[in-house]
Amino acid sequence: MATPAKYIDIRRSLHRIPEPGFAEFKTQQFLLDYIATLPQERLEIKTWRTGILVKVKGSVGARTLGYRADMDALPIQEDTSYEFQSTHPGWMHACGHDVHMTIGLGILTHFAQRDEPVADHLLFVFQPAEEGPGGALPMLAAEEFQAWRPDLIFGLHIAPEYPVGTIATRPGILFANTSELFIDLIGKGGHAAFPHQANDMVVAAAHLTAQLQSIISRNVNPLDSAVITVGKIEAGTKQNIIAERARLEGTIRTLSMDSMHKVKGRIEALVKGIEAGFECRAEIDYGANYCQVYNHDEITREFMNWLKETQVARLHECTEAMTGEDFGYFLAEIPGFMFWLGADTPYGLHHAKIEPSEEAIGVAIDTMTRYLEWKAAGR
Ligand SMILES: CC(=O)N[C@@H](CCC[C@H](N)C(=O)O)C(=O)O
């Protein structure tokens, strides 16, 4: 299905107002305003912090089928060619959450406007703070969610590398376990000309950053997979002052919790070495941790077979990726799956130039409305 102009407008409006996790105030209001324009007979709406839950009542209601979209943005200065760029300096929807929310609204619109209700209830979950600190876990625990807790749950994520019309997924693990990583190094500052009287935290941070990569190459089984990325380093105040403090900010990705514990153990050992070697003090904080995204075997296989039969989209059985997603917490408790949605753009997720194809929106709305219609008839 070609993406209707209405959804392109919605996506562009959302793209203009990217907000940090748990501060999605304008986004929440925009979504609520749109939802208020839909026929209300079958709808029940609740907010939870900056998130929204919308229930579409079914004719039988023996089960509830859930669909989740994430809402937050990233601290990136946009560098796209768009006319509808972010109006929030330093913030951008660079991970497709504007697209995900639009697809959620498109599917919701279909079921709110449908002549007859489907048999099952449907639950649309607009979840804050996926990029951090993680909205899924507290939302799952919230009374508002538990009262409408779905029996099955589905979600998607745009994939820059696949052409529009492709859906990629697999039964079992799709995304990795993640842990944020913050390391503060505290030494002794001083005059640039007297290094022997100070403990330089720029040099300590540089050594530690390089050493961390040896964990992946020397401590993780080469047949397993793990990633440590240090995405940000801050240190010092001026070019001729030896830095008293340095802060490394990063993320750890592993395909098993066993590897996660092992990697963290090695990080702690290397940090102790830096403390001894550079006569400094270090503090480690693991921030937010997400569990793997594990697709339910049987339900995912059934979806993949349904795709092959209906040809609504082209199925690609993919390998797992080292991305993280707190949707994993929903899937740890509720059977379901996540899939990659082809969005055909040369720049990757979290890049300032990413321009996902808006045609992917129509593909996803079409696929998920047809799949939910089929599933909500009791399958
Ligand atoms: C799909 C995606 O890009 N997700 C994020 C999740 C971030 C998890 C957490 N804040 C971390 O950085 O570890 C990702 O970076 O994979």
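Residues numbered from 1 in each chain as written. Predicted model: local features only at pLDDT ≥ 70, side-chain atom pairs only at ≥ 80, totals over all residues. Heavy atoms only, no water.

As recorded by an unreviewed UniProt entry, the chain carries the name N-acetyldiaminopimelate deacetylase and is attributed to Tumebacillus lacus. The Function (unreviewed entry) comment attached to the chain in UniProt states, word for word, "Catalyzes the conversion of N-acetyl-diaminopimelate to diaminopimelate and acetate." (UniProt positions renumbered as here; feature names shortened; annotations may be inferred.)

### A closer look at helix H6 (residues 201-218)
Given a rise of 1.5 Å per residue, 18 residues ought to cover 26 Å, and the 25 Å separating the end C-alpha atoms of H6 matches this to within 8%. By the burial criterion, the buried members of H6 are Met 201, Ala 204, Ala 205, Leu 208, Leu 212 and Ile 215. Looking straight down H6, one finds its buried side chains confined to an arc of 95 degrees; they lie on one side. Exposed residues on H6 whose side chains face more than 90 degrees from its buried face are Ala 210 and Arg 218. Where H6 begins, the side chain of Asp 200 points an oxygen toward the backbone nitrogen of Val 202, at a separation of 2.9 Å. (Helix = DSSP H or I, 4+ residues; strand = E, 2+ residues; numbered from the N terminus. Expected span 1.5 Å × (residues − 1). Buried < 20%, exposed > 50% of the residue type's maximum accessible area, 1.4 Å probe, protein only. Arc of directions from axis to C-beta. Polar contact = N/O pair within 3.5 Å; in protein donor to acceptor, adjacent residues only side chain to side chain.)

### Quick notes on the nonpolar core
Of all hydrophobic cores here, the largest spans 58 residues; its most connected members are Leu 31, Ile 35, Ile 103, Phe 124, Phe 126, Phe 154 and Leu 341. In this structure Phe 154 touches Leu 65, Gly 66, Tyr 67, Arg 68, Ile 299, Phe 327, Gly 336, Phe 337, Met 368, Tyr 371 and Leu 372, once residues within four positions along its chain are discounted. If you look at the next biggest cluster of nonpolar residues, it comprises 30 residues, including Phe 22, Val 125, Phe 175 and Met 338. (Core = buried A, V, L, I, M, F, W, Y, C linked by side-chain atoms within 4.5 Å. Contact = heavy atoms within 4.5 Å.)

### So, the site of the ligand
Surveying the vicinity of the ligand reveals the residues Cys 95, Glu 130, Glu 131, His 157, Thr 178, Glu 180, Thr 251, Arg 253, Tyr 290, Thr 323, Gly 324 and His 350. Arg 253 is positioned such that a nitrogen or oxygen atom in its side chain is 2.8 Å from an oxygen atom of the ligand. Relative to its unbound accessible area of 410 Å², the ligand is 91% covered by the protein chains. Applying the majority rule of atoms within 2 Å of the grid points places the ligand in the largest pocket. (Near = heavy atom within 4 Å. Areas by Shrake-Rupley, 256 points an atom, 1.4 Å probe, with all protein chains shown as cover. 1 Å grid on protein atoms, 1.4 Å probe; cavity = no way out; pocket = protein on both sides within 12 Å on 5 of 7 lines; lining within 4 Å. Sits in = over half its atoms within 2 Å of the grid points.)

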